[in-house]
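Structural features, examined
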Amino acid sequence: MSKQQKEAQAVMKQHMGLKASQRLSNTIIYILLVIMAVIWLIPFVLIVLQSFRVESTERVNYIIPHSWGLKNYKALFDTSFPRWYLNTFIIALFQCVIQTVIVLCMAYTLSRFRFKMRGKLMRFMMILGLFPGMLTMLILYNVLADFNLTGEHSVPGLILVYVASSGMGYYVSKGFFDTIPKALDEAARVDGATRFQVLYKIILPLAKPIVIYTILTAFMAPWGDFVFAAYIAHAKELGMNVAVGLNSWLDKDHVTKYYTMFCSGGVLVALPVAILFMCLQKYYVEGVTGGAVKG
Amino acid sequence: MKKIDELEYLKLSKWNKFVYRFLSFFAAIPSKLWGLVKAVGRFFKNIGLGISRECKDLVTTFVKGDWKTKLSYVIMGFGNIARGQILRGVLFLLMEVVFIFYMFFSQLLNADGSNGLQWLSKLPTLGTQGAEIVETTSRFGTVTHTTIYHDNSFKILLYGVLTLFFIAAFIYTWRANIRQNKIAEQILKTGKPLKSGKDDLRSLVDDNFHKTLLALPLTGILVFTVMPIFFMILVAFTNYDFEHDGLSTLFHWNGLAGFKEMLTWNSGPVKYSAAFGEILTWTLVWAFFATFTNYFLGIFVAMMINKKGIRLKKLWRTVLVLTIAIPQFISLLFVSQMFAKNGIVNGVLKDIGLITADIDWWNSPSLARILVIVINIWIGIPYLMLIATGILMNIPADLYESSRIDGASGWKQFSKITLPYMLFITGPYLLTSFTSNMNNFNVIYLLTGGGPTNTALSGTSNVGHTDLLITWLFKLTTGANQKYYLASVVGILVFLVVAIITLVVYNVLPSVKNEEDFQ
C-alpha cells in the first residue's frame, strides 16, 4: 500500500469512528429528549384525564379514570365559571389593545427620539422597576374601592391597573426598534414626512413581529395573573378572573367537591390560550430572542 | 489594591481579569461613597442655585415685562391670550382654575367635605379626631349606639400626597407660563410672528411628537406607579396596621420604628428580625438556584436540540414551549396537587414499588424547598431554550470549524466558545432574571403558598419555609393581622437589596453596552 492509500484509510477509519461516536451521542440525546418530552407532557395529559373522570370529584392517586364522562364540563356551567371566563376574556381584549398602543408608543419614542429628559427618564423608570409592584396594591385597592371598581365590579378596575403601569414594560420592544436602521427614518424625514408618517408608514410595517409579540403577551397575561386579581376581586365571586376563581376551588373546604371541575375548567382555559400561542409562536420566539437579550 | 495599567490588564487571564474587576470594585467603594456625598452636596447646591436663578429671572421678567406679562403672574395665560396664542392661554387658565377649585372649593364636590388645603393641613398629624361612639337615648328609653367617624388617616395621607403632587405640577405650570411670556416678548421684539394654535397642534405630530406619544403612558405610570410607591414609602414611617386602621383608630407618624422592629433583635415573642433574616436568606438562595439551574440547563437543552443530525427539532421545541403557552396558574396549581400527600405522584410511586408510605412533599421544609426549585426548572427551561437557541445560531460557525481543525474537544468548544459568548450576550439578562426570581410570586405562592409553616417564627403573619420576601409582603397585607407599615418596610428593603445587587453587578460586568452601537 502506498503512503497515500494508508493515509486515506486512516482518515476513513477516523471518519468511521467519528460517525460511530456521533451516532452514540445522538442516541443519548434522543433518549434524553424523549424523557424530557414525557416529563413536560405528563402534567398536561394528567389534567385532561382527570377532567374526564366522573366516578368521584375528589383528588385521587391513580391515573386512569375508572369511568369517563363529560359531567365535570357540564357542571361548570352551574357555577360562576362562565362569569370568570367572561371577565378574563374582556380584560384580555381591552388589555391587548390598550397595552399594545402604550408599550409601542413608549418603546418607539425612547428608541427613536433624542430629547432632553430621555436619559433621566429611562434611569428613573429603571429605578422604579426595582420596587416590588405588589407594594402599590394596597393603595390601588383603596382608591378603586372609592370609585366602586372593586369586588363585583372589578373588571374595569383591573383593566385600569394593568394598563396604566404597562408603559414600564417597554424594554423588549425598544430592543427591537433599536435594530431598525435609523437611516430609514432620516431618509423619509428628508423627503418631507412628518414624525407621525414615519412611524405609521415605515416603522410599524417593519415592526410587525414585535407588534404581534406585544399583542400576544398582553392578551395572555390576564389569564395567568393572580395577585392583583385576587386583591381587587376581594373574595367576591362575580369579580374574579379564572385564576382566582379556580384557585378558590382548591381550598381545603372545596377541594373534595371541586377538584375534577378545577381540572376541566383548567382545560377550557388552557386550550384557546395555548392554541393561540402555538399559532403565533414564531413571533413570540422572535420577540424573546430579538428584544429580550438586547434589552 | 494595586492599580495596574491597561496593558498589564490585557495580559491577565480571563479569570484574573474578573477577579481584578471584582476586587477593584470593592476597593473603590470608599472613594465612590465620598463621590456620592459630594454628588449629593452638588445636587443640593445646584438646587439652591437653580432656585435663586429662577427667582431672579422671575423678578427681572416682572420688572422688564409689559403689562400683559405682569398680569400673567396672577392670571395665568393672560399674556398668551392677549398676544393671540389663544390655545396655550386657555390651557394655562384652565390649569389655574382647576387648581384653585381643588385647593379651596373641592369640598363642594365630595362627601368628605374637605378641600386640598384642609387635606394638606392635616398631613403632619394624620388626623386628630378619631371615631367616637355616641349614645342616644330615645323617648322610650332605648339606648342606641352609633359610631361617628371624623378623620380618616388613610384618606388624609392619600389626598395629602395628591395635593403635594398637584402643587408641584401647578408651580411648574405657573413657571412655564411666565417663561412663555418672556419668550413671546423677545420674539415680538424681533418682529417675527408668534406660533399660532394651529402650529402648536401640528408640532404635536411632528417636532414634539415624542411628547404626544409619551403623554398617555407617563400619566399612567405617574398615577398608578409613582404616586402609589411614594405613598407606600410614607406608610413605612407610620403605624398603620389592623389595630390602627385609620378610621376607627387613627394611625400616626411613627418615624423609623417600623424599620427598627424589622431589623433589630428583640426579646419579645414576635421576632420580625429573625423572620426577615431567614426569609431574606432563602430568597437569595432561591433566586440563585432558580436562575442558574434554568440558565445552564436551558443552554444544554438548546444545544441538544440544535445539534446537527437531531431530527424533529420543531417537535421537541413545541413540546417544551407548552409550559409557556399554558397559563402558569393552571400548570402550577395542578402540579402542586400532584405532589399532595394523597396525590398522583405518591400513588404512582407506591404502585411501582418505589416507596411504601406516602411522602409528605409539601410538609417537609427541605423537600418543599427542593421541589419548588425543581418545578421551577420545569417552568423555566423553555424560556432559556428559546433565548439560547437564538444566540447559538448567531455564533459564527467558522469559530467551531477552526477550533475542530485545531483538535478541540466538544467540551473545550463549549467552555471556550459557547459559554463565554453566551455569558457576554446574556449578562444583563441574567441579572434581570435573578432579580425577577427574587420577586417570583407566582411560582412560590401557587405551589406552596409559602408553606410549610415555620413554627419557630410564630406571630409573624404565618411565615413559611418557602416564603420569599414578596410572598411575605403579600401575607402582611392580607389575612387577619395586617401590618401594613411592616409590609411597606419589607418592600423598601426588597428595593434596597435588589438595587445593591444591580449596582454591584453592573459595575463588575465586562461592559455595559453602548446603546447607540446598535443603530
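The shown structure was predicted, so the numbers you read here are calculated from the model rather than taken from an experiment.

For chain A, the helix and strand inventory stands at 14 helices and zero strands. For chain A, the succession of helices and strands along the chain, N to C, is α-α-α-α-α-α-α-α-α-α-α-α-α-α. In terms of C-alpha radius of gyration, chain A reaches 27 Å, well past the compact-globule figure of 19 Å for 295 residues. By principal-axis analysis of the C-alpha atoms, chain A measures approximately 90 × 70 × 35 Å. By the burial criterion, 51% of the 295 residues in chain A qualify as buried. Looking at chain A alone, contacts between residues at least 24 apart form 73% of all its contacts between residues at least 6 apart. By element, 68% of the accessible surface of chain A is carried by carbon and sulfur atoms, the whole surface being about 14100 Å².

This paragraph deals with the domain arrangement of chain A. All names here are of chain A. According to the domain assignment, chain A consists of domain 1 (3-71) and domain 2 (79-294). When each unit is reduced to the centre of its C-alpha atoms, the spacing between domain 1 and domain 2 is 35 Å. Counting residues at the interface gives nine residues for domain 1 and nine residues for domain 2. Per-residue buried area on domain 1 facing domain 2 is highest for Ile-47, Thr-57 and Arg-59; these three make up 54% of the total on that side.

Attention now goes to the domain arrangement of chain B. For interface size, the figure often reported is the accessible area lost on association. Residues and elements named next belong to chain B. Structurally, chain B comprises domain 1 (1-49), domain 2 (65-127 + 153-255) and domain 3 (272-513). In this complex, domain 2 contributes nine residues to the contact, which on the side of domain 3 involves nine residues. Taking both partners together, domain 2 and domain 3 bury about 790 Å²; carbon and sulfur atoms supply 70% of that area. Of all residues in domain 2, Ala-236, Tyr-240 and Phe-242 bury the most surface against domain 3, accounting for 56% of the area lost on that side. Here domain 2 is connected to domain 3 by one salt bridge. In this structure, the salt-bridge partner of Lys-483 is Asp-241, at a minimum N-O distance of 3.9 Å. Our enumeration of links across domain 2 and domain 3 arrives at four residue pairs in polar contact (both at pLDDT 80 or more). Of the residues in the side of domain 2 that touches domain 3, the class split is six nonpolar, two polar and one charged.

The subject of this paragraph is the side chain of A:Thr100. Structurally, A:Thr100 is set in helix α3 (residues 81-112). Exposure remark for A:Thr100: the relative accessible area of 6% places this residue in the buried category.

Once that is clear, we can look at the interface of chain B and chain A. With 92 residues of chain B in contact, the opposing surface of chain A contributes 98 residues. Both faces combined, the contact of chain B with chain A buries some 8600 Å², and carbon together with sulfur accounts for 78% of it. For the interface between chain B and chain A, the tally reads one salt bridge. A salt bridge links B:Lys155 to A:Asp146; its shortest N-O distance comes to 3.7 Å. Summed over the shared surface of chain B and chain A, the result is nine residue pairs in polar contact (both at pLDDT 80 or more). The element best represented in the side of chain B that touches chain A is helix α10 (residues 209-235) of chain B, accounting for 17 residues.

Turning our attention to the packing of aromatic side chains. Residue and element names in this part refer to chain B. For the coordinates displayed, the defined rule picks out 47 aromatic pairs over all chains. On the basis of an interplanar angle of 25° and a centroid distance of 4.4 Å, the ring pair of Tyr-240 and Phe-251 is categorised as stacked. Of this pair, Tyr-240 sits in the loop between α10 and α11 (257-263) while Phe-251 sits in the loop between α10 and α11; the two residues are eleven residues apart in sequence, bridging distant segments of the chain. Plain terms: the ring middles of Phe-292 and Phe-296 are 6.3 Å apart, the flat faces sit at 25° to each other, and that makes the pair stacked. With Phe-292 and Phe-296 both in helix α12 (residues 272-306) and four residues apart, this pair spans about one turn of that helix. On the accessibility criterion, Phe-292 (28% relative accessible area) is partly exposed.

Attention now moves to the pattern of salt bridges. When the charged atoms of two side chains lie near each other, side chains of opposite charge can form a pair. Enumeration according to the criterion identifies 16 salt bridges over all chains in this entry. Between A:Lys174 and A:Asp178 there is a salt bridge, with its nearest N and O atoms 3.0 Å apart. Taken together, the residues A:Lys174 and A:Asp178, both in helix α7 (residues 171-178) and four residues apart, mark about one turn of the helix. For A:Asp178, a relative accessible area of 6% puts it in the buried group. With its nearest N and O atoms 2.4 Å apart, the salt bridge here joins B:Arg175 to B:Glu54. A residue pair is termed long-range when its members are at least 10 positions apart, and B:Arg175 in helix α8 (residues 153-190) and B:Glu54 in helix α3 (residues 29-64) qualify at 121 residues. With a relative accessible area of 29%, B:Glu54 lands in the partly exposed category. Here the salt bridges do not stand alone but share partners, grouping B:Glu54, B:Asp57, B:Arg175, B:Arg179 and B:Lys182 into one network.

Residues and elements named next belong to chain B. Among the six residues in strand β1 (residues 132-137), zero count as buried, and that is only a small part of the element. The sheet contact formed by β1 and strand β2 (residues 143-148) spans six bridges and is antiparallel. What sits directly across from Ile-133, in β2, is Thr-147. Linking two consecutive strands that pair antiparallel, namely β1 and β2, is a turn of five residues; a positive phi of about 90° is found at Gly-141 within it.

What counts, and where the lines are drawn
Residues numbered from 1 in each chain as written. Chains lettered and ligands numbered in written order. Predicted model: local features only at pLDDT ≥ 70, side-chain atom pairs only at ≥ 80, totals over all residues. Heavy atoms only, no water. Helix = DSSP H or I, 4+ residues; strand = E, 2+ residues; numbered from the N terminus. Rg over C-alpha atoms; globule rule 2.2 N^0.38 Å. Buried < 20%, exposed > 50% of the residue type's maximum accessible area, 1.4 Å probe, protein only. Contact = heavy atoms within 4.5 Å. Areas by Shrake-Rupley, 256 points an atom, 1.4 Å probe, with all protein chains shown as cover. Domains from an automatic or database assignment. Buried area = accessible area lost by both parts, 1.4 Å probe. Salt bridge = Lys/Arg side-chain N within 4 Å of Asp/Glu carboxyl O. Polar contact = N/O pair within 3.5 Å; in protein donor to acceptor, adjacent residues only side chain to side chain. Nonpolar A, V, L, I, M, F, W, Y, C, P; charged D, E, K, R; others polar. Phe/Tyr/Trp six-rings, centres within 6.5 Å; stacked < 30°, edge-to-face > 60°. Pairing = 2+ DSSP bridges.

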